[in-house]
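Residues per chain are reported as follows:
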Amino acid sequence: MPDTLIFLAHSMAPEKVDEYMRKGRMPNLKELVEKGASGETRSVFSTISPADYTSALTGVTPSTHGIHGFQNLPEGFDMPRTGQGGVVEDRRGETETRPYTSYDVGSEWVWELIDSRSIQMGVFSPSTYPAPDIEGNIWVSGYWNHPAPYLKDLPAACNDQDFRQKLLERFPNHRVTYPIAVPPAYPENVESEKGYLENMLEFAREESEKIHAQRVDVMKNEEGKYFVTEEGLLDYVQHLLWPRSDANPYSDQVDSWLRERDLLGDYYSHIDDMIGRYLEELGDDVNVIVFSPHGQEEGDEGFSFHDRFRKLYSAGIWEIPEGWEFRDEKPDWEPLMRAENSRRGFYAFSGSDFERKDSGPSISCMDLTPVILELEGEDIPLHLDGELPEEVFIHEG
């Protein structure tokens, strides 16, 4: 069992955490907050997930570690964008692009700076694949929508083949990607979009529950000082379920229903349940870190769900799951991407090494690396851009 659990909550928004804790929908996280220090994180400038995650786990900016987004684009490539995602247009025949990989990371991961064993399970970012070969540590990479979603098909997703074999014996269909939660058919009107969103939420919740059940089992049965896990589907769910407040006749009926039904609150409650499953297995003296390198917020304007995935498919980034529908033509009715990434994320530090504070400081996502180094009793290297938030730690004497 670990001494420290690190639960990376992809795109967890501080205002939603506050809202759902007040409403009693996140009792496990509220208990961590009340016992420790919590506050907001700030992303690196881009707010694109791979850049933020790599910065959090290296302690340096993208200009140093070299990961700026999902795609490694050739010099001079003119990349059109949709929302915050940085999705390329259909140019497969004109210009070669490829996802970033761990080979592109030009800085040391935090686990290379410490001596203790860590087990890292499925952190979402193309920069974690292939799994970095860090001596004494177990790393099972997450991957962004790889065409082969299971560990059995991706030996390079794990840096320890003996551990990989043990994991596959327990879980033959262990996932190393998060499924894109798209039901088979596009909605065609207001009522079918409501059903579409409810189905998407249930699908995401079921897949997330399977993933975390396997990871809790690994945490219980493997020795390591640090256990790192991630909730990645929140990012996708939140893009579609964050109710918009503007008077948009295209989506106003659905947004009003989302505010009343609060499907997003259902998923935040699900995340709290998943945190609770890890906590049930841990002792009282274990340190727990809940951390989102960036958050989300209502976008300036809703942008097209179909257009986003058409671009992903056309660029060769998204593979269509077998039996699912994809239309080249734009449908008459489609769900909007309602939220976009923001620089404001969330953290909670709780446990025997952390102070209890009613209001913690605002910190950079890069500060996670110095926090881990402090827990390990290591000096903070001068090359790090992240800084240690000393006020969240208990200091003897």
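In what follows, the structure referred to is the one given above.
Model, not experiment: these values are computed from the prediction.

A separate point is the overall build of the protein chain. Secondary structure summary: the protein chain contains 11 helices and 12 strands in total. Buried residues in the protein chain amount to 60% of all 397 residues.

We now examine empty space enclosed by the protein. Within this structure, the stated rule accounts for 2 cavities of 30 Å³ or more. Of the pockets and cavities examined, the second largest cavity occupies roughly 60 Å³. Lining the second largest cavity, in full, are Gly122, Phe124, Gly142, Tyr143, Arg175, Val176, Thr177, Tyr178, Ile211 and Arg215. A breakdown of the residues in the lining of the second largest cavity according to their chemical character gives 5 nonpolar, 3 polar and 2 charged.

A few words now on the nonpolar core. Counting residues in hydrophobic clusters, the biggest one holds 64 residues, and the most contacted among them are Met12, Leu29, Leu197, Leu241, Tyr268 and Val290. The element best represented in this core is helix α6 (residues 190-221), accounting for 10 residues. Setting aside residues up to four positions removed in sequence, Tyr268 forms contacts with Ser11, Met12, Ala13, Lys16, Val17, Tyr20, Met26, Leu234 and Gln238. Core analysis: the next-biggest nonpolar cluster, separate from the first, contains 39 residues, Ile6, Ala51, Tyr226 and Phe393 among them.

This brings us to the sheet that holds strand β6 (residues 138-140). Whether parallel or antiparallel, the strands of a sheet pair through hydrogen bonds between backbone atoms. The 8 strands are arranged β6-β5-β7-β1-β8-β11-β2-β12 in an open sheet whose pairing can be described as mixed. The two strands at the open ends of the sheet, each matched to only one other strand, are β6 and β12 (363-364). As defined by bridge partners, strand β1 (residues 4-9) adjoins strand β7 (residues 226-231) across 6 bridges and the pair is classed as parallel. Of the residues in β7, the one forming a bridge with Ala9 is Glu231. Across the sheet, helix α11 (residues 368-376) touches β1, β7, β8 (287-291), β11 (344-350) and β12, and the angle it forms with β8 is around 175°.

Further remarks concern the side chain of Thr229. Along the chain, the position of Thr229 falls in strand β7. Classification of Thr229 by relative accessible area gives buried; the value is 0%. Polar contacts involving the side chain of Thr229 include one to the side chain of Tyr278, which spans 3.1 Å. Once you skip the residues sitting within four places of it in the chain, Thr229 turns out to touch Leu5, Ile6, Phe7, Leu8, Met121, His212, Arg215 and Tyr278.

Two elements, strand β2 (residues 37-42) and β11, share 6 bridges in a ladder whose sense is antiparallel. The residue bridging Glu40 from the neighbouring strand is Phe346, located in β11. With 2 bridges connecting them, β2 and β12 associate as parallel partners. Residue pairing for β12: Arg42 is matched across the bridge by Ser364.

Considering all chains together, one arrives at 8 aromatic pairs under this definition. Centroid distance Trp111 to Tyr226: 5.6 Å. Interplanar angle 45°. Geometry classified as tilted. Remark: Tyr226 occurs in strand β7 and Trp111 occurs in the loop between β4 (98-99) and β5 (118-121); sequence separation between them is 115 residues. An identical accessibility class is assigned to Trp111 and Tyr226; each is buried. Here Lys16 stacks its cationic end above the ring of Trp242, 4.7 Å away from the centre of that ring. The ring centre of Tyr150 lies 5.5 Å from the NZ or CZ of Lys152, which sits over that ring.

Criteria and thresholds
Residues numbered from 1 in each chain as written. Predicted model: local features only at pLDDT ≥ 70, side-chain atom pairs only at ≥ 80, totals over all residues. Heavy atoms only, no water. Helix = DSSP H or I, 4+ residues; strand = E, 2+ residues; numbered from the N terminus. Buried < 20%, exposed > 50% of the residue type's maximum accessible area, 1.4 Å probe, protein only. 1 Å grid on protein atoms, 1.4 Å probe; cavity = no way out; pocket = protein on both sides within 12 Å on 5 of 7 lines; lining within 4 Å. Points joined across faces, edges and corners; volume = space filled by probe spheres on them. Nonpolar A, V, L, I, M, F, W, Y, C, P; charged D, E, K, R; others polar. Core = buried A, V, L, I, M, F, W, Y, C linked by side-chain atoms within 4.5 Å. Contact = heavy atoms within 4.5 Å. Pairing = 2+ DSSP bridges. Axes fitted to C-alpha atoms, helices over the stretch in contact; angles between N-to-C directions. Polar contact = N/O pair within 3.5 Å; in protein donor to acceptor, adjacent residues only side chain to side chain. Phe/Tyr/Trp six-rings, centres within 6.5 Å; stacked < 30°, edge-to-face > 60°. Lys NZ or Arg CZ within 6 Å of the ring centre and 35° of its normal.

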